[in-house]
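What follows is each chain in one-letter form.
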Amino acid sequence: MNQPGSRQRRAIVALLAVLMLLLSSCAQIPRSGPVGKSKDEGAGNPNAPVFFPAAPRAGSSPESIIEDFYMAGSGYEDDYPVARQYLTQAQSVTWKPDKRALVFRSAEVVKSPAENGYLYVLDLAYSVDADGVATQYPPGTKETIPLTLEQVEGEWRISKVPDGTAIPEETFKVIYGAFPIYFYDPTFTYAVPDYRWFIKKNTVKSMTSALLAGPAPYLRGAVVSAFPSGMKLARESVPVVSGAAQVDLSAKELFDASAEDRQRMQNQLALTFRSQPDVINVQLRADQDLVRVEDNGTVLPPVVDKTVPAHQIAVNNGELVRYENNRITPLPDIQSVAGLGPHSPAESPASQTAAFLNGDKTTLYSIEPGQAARQLTTRSTLTGPSFSPQDWVWTAGPGANGAAEVVAYKPTGIAPGMAIPNVTITPAWLSGRTVKDFRVSREGTRALVISESAGKSTVQIAGIVRNPDGVPKDLTAPITLLTTAAANQGVWVNASTVAVMTGSATSTVVPELLSLASGEAQQLAPWDGLTSISAGNGPEQIYGQSEAGVFQRVGNGWELQLKGPTEPAFPG
């Protein structure tokens, strides 16, 4: 049990933690000259807050020692010196605080049956591993940390504790930030963000280590890295000297790499470091010797946050049309599909191929300029089609045995009467679930999957694994994005954000923005009768459609654009 006054002590500690030292960062970084100013592995945000937790107080109870020890986890500078004061000498030497961070909404100390044993019981909000990979948990998720204490010279100290820290959610949001490290799609055409949570003041070295360790689990197999497996940092720091991040890598792997791969390594690091104000450029080094990276013009910089064209495809009077600048025009050279009752239209971002569902959303069709529509698949229900930049069109629905299946077809350029390449994927994690929506990201390496089981919806992002020839092969085990309300449809807004909602012709609908860079959903303005949603390039280009017409998000509201077209969708 917590002793009386425990809550008051924690409040005082939390207030003390807010006292921070803001480091000066007004000086101009020199860009020339023989000597440069160096920053060690702590290089990152020079204005990152520094916390001053309280040291152990004489006569503290075991419960207070445990609470204060975890509150001292905010004092990360110089390897958590204050937190180590709460540990026995032996435990202080072996404790590894950077193994993981548990972020809690609330916590309490409970006595365990073991001698001098206690449990720190958390309402867990996040867990963050050593590489910054965060997992979010809904309220009510419990995590229990076992601890053992003993008396040292009459004072209680922690003699046994798992590696890692546990900090309140409010403190976590101040100390940590979400930063993208970048990988490539398998063709090295697009840069794919992989958001990690790092202490804001130690980001450069943390980012580099995480990049070398490879992508987060949900992206493994879907993205690639220019850095070969096994490449390590040659020293446990990444100094920033006169704005240049000096990345000292294991020499053999670096010298064995081709000139093109070294260029890609440098590009990958430069993209990863671009959020860091003290980094201007990147130097690759081997055993501290500079390795020149020659740009011979064969390696193009990857496309970051791939955009979509400004126009949308829509349905108007039973025909597929183009919607742009509040005008409706026919799709170029596309035959009439009015007899098929088109719904949920989609257009390829790479070609003029379009796809749509029939009236009862059981059959998927594709159509190309100058050709008749072709039936791709029929099932009891299908999600609206979604194109990847590789011209595969995706949908999902139950298979013959009722299990959820994800299918992809590549109809572009296939002559009439010829078999259309297709694949069927049955992810184990979709077992027992009904897929409500499936949307491929703009660079084609990830998918937004909204599914339902027992009336409860889940919003997830999975990686798309492909064979060497680019044919889709599998979906990775996904990450889950928490929403404040149920969702049955969604769209990509940019490379790191999706918009989701439950469409309803008769109720007020509140769309939400879910970002990989934030654990909190952002609610958009409510609107009556929104039945579909689309998004162009960024949160300002979000459109909703109701019986009253097509609306665009403007500020904190919605503005009518045009009445007539329905189910508008940007290419993709």
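Just so it is clear, the model here is predicted, and its values are computed rather than measured.

### Re the nonpolar core
Part 1: Counting 89 residues, the largest nonpolar core has F69, Y70, Y120, L122, L147, L249 and F273 as its most contacted members.
Part 2: Per element, the largest residue contribution to this core is 7 residues, and it comes from strand β3 (residues 117-129).
Part 3: Each residue touching F69, except ones within four places of it in the same chain, is listed here: A83, Y86, L87, W95, I158 and V161.
Part 4: Counting residues in each nonpolar core, the second largest holds 17 residues, with W394, A396, L430 and L475 among its members.

### Brief notes about the pairing of strand β39 (residues 549-554)
Part 1: With 5 of 6 residues buried, β39 is to be regarded as a mostly interior element.
Part 2: The pairing of strand β38 (residues 542-546) with β39 spans 4 bridges and is classified as antiparallel. What sits directly across from G544, in β39, is F551.
Part 3: The turn joining β38 and β39, which pair antiparallel and follow one another in sequence, is formed by 2 residues.
Part 4: In this structure, β39 lies alongside strand β40 (residues 557-562), joined through 5 bridges in antiparallel fashion. Opposite R553, over in β40, you have W558 as the bridge partner.

### A few points about the side chain of S441
Part 1: By secondary structure assignment, the location of S441 is in the loop between β26 (434-440) and β27 (446-453).
Part 2: Of note is the side chain of S441, whose polar atom sits 2.6 Å from the side chain of E443.
Part 3: Residues in contact with S441, not counting those within four places in the same chain, are P389, R446 and W492.

### A look at helix α2 (residues 62-71)
Part 1: The element α2 is extensively covered by neighbouring structure, given that 10 of its 10 residues are classed as buried.
Part 2: The complete set of buried residues in α2 reads P62, E63, S64, I65, I66, E67, D68, F69, Y70 and M71.

### Examining the sheet that holds strand β20 (residues 363-367)
Part 1: If you walk across this open sheet you meet the 4 strands as β18-β19-β20-β21, and the pairing is antiparallel. Pairing within the sheet leaves two strands with one partner each, and these edge strands are β18 (343-347) and β21 (374-378). The average angle at which neighbouring strand axes cross in this sheet is 20 degrees, direction not considered.
Part 2: Where β20 and β21 come together, 4 bridges link them in antiparallel fashion.

### Digging into the pairing of strand β9 (residues 190-199)
On a regular strand, one side chain projects to one face of the sheet and the next to the other, so that they alternate.
Part 1: Along β9, 10 of the 10 residues are buried, which leaves the element largely enclosed by surrounding structure.
Part 2: On β9, burial covers both faces: Y190, V192, D194, R196 and F198 on one face and A191, P193, Y195, W197 and I199 on the other are all buried.
Part 3: In terms of strand pairing, strand β8 (residues 176-184) meets β9 through 9 bridges, oriented antiparallel. Its bridge partner lying in β9, Y176 is registered against I199.
Part 4: The hairpin formed by β8 and β9 contains 5 residues between the paired strands, and F188 there has a positive phi angle of roughly 60 degrees.
Part 5: Pairing between β9 and strand β14 (residues 303-304): 2 bridges, direction parallel. Pairing of Y190 across the sheet is with V303, part of β14.

### Let's talk about the packing of helix α6 (residues 203-213) against helix α8 (residues 259-273)
Part 1: Where α6 contacts α8, the two axes come as close as 10 Å, and the packing angle between them is 135 degrees. If you check the angle between α6 and α8, you find them oblique. Of the two possible hands of crossing, α6 and α8 adopt the one that is right-handed. Where α6 abuts α8, its residues V204, M207, T208 and L211 lie against Q268, L269, T272 and F273.
Part 2: Among the residues making up the contact of α6 with α8, the classes are represented as 5 nonpolar, 3 polar and no charged.

The rules we used
Numbering of residues begins from 1 in every chain and follows the order in which that chain's sequence is written. Since the coordinates come from a predicted model, pLDDT governs what is reported: local features require at least 70, and pairs of side-chain atoms require 80 or more to be given and counted, while whole-chain, interface and lining totals use all residues. Only hydrogens and water are set aside when side-chain values are computed; all heavy atoms of the structure are taken into account. In plain words, nonpolar cores are sets of buried Ala, Val, Leu, Ile, Met, Phe, Trp, Tyr and Cys residues tied together by side-chain atoms within 4.5 Å. Burial here depends on accessible area, computed with a 1.4 Å probe over protein chains only, as a share of the maximum for the residue type. Under 20% is buried, over 50% is exposed, and the range in between is partly exposed. Put simply, DSSP H or I for four residues or longer makes a helix, DSSP E for two residues or longer makes a strand, and each gets a number counted from the N terminus. Pairs of residues are marked as contacts when any of their non-hydrogen atoms sit within 4.5 Å. Pairing between strands is defined by DSSP: at least two bridges between them are needed. Contacts described as polar in this section are N or O atom pairs within 3.5 Å, which, within protein, must combine one atom able to donate a hydrogen with one able to accept it, while residues neighboring in sequence count only if both atoms come from side chains. Axis definition: a line fitted to C-alpha atoms, limited for helices to the stretch in contact. Angles are taken between N-to-C directions and run from 0 to 180 degrees. Each angle is binned into one of four classes, with values under 35 degrees roughly parallel, values over 145 roughly antiparallel, values of 65 to 115 roughly perpendicular, and all other values oblique. Each helix crossing is assigned a hand: it is left-handed if the near helix lies turned anticlockwise from the far helix by less than a right angle, otherwise right-handed if that turn is clockwise. Residues are grouped as follows: Ala, Val, Leu, Ile, Met, Phe, Trp, Tyr, Cys and Pro are nonpolar; Asp, Glu, Lys and Arg are charged; every other residue, Gly included, is polar.

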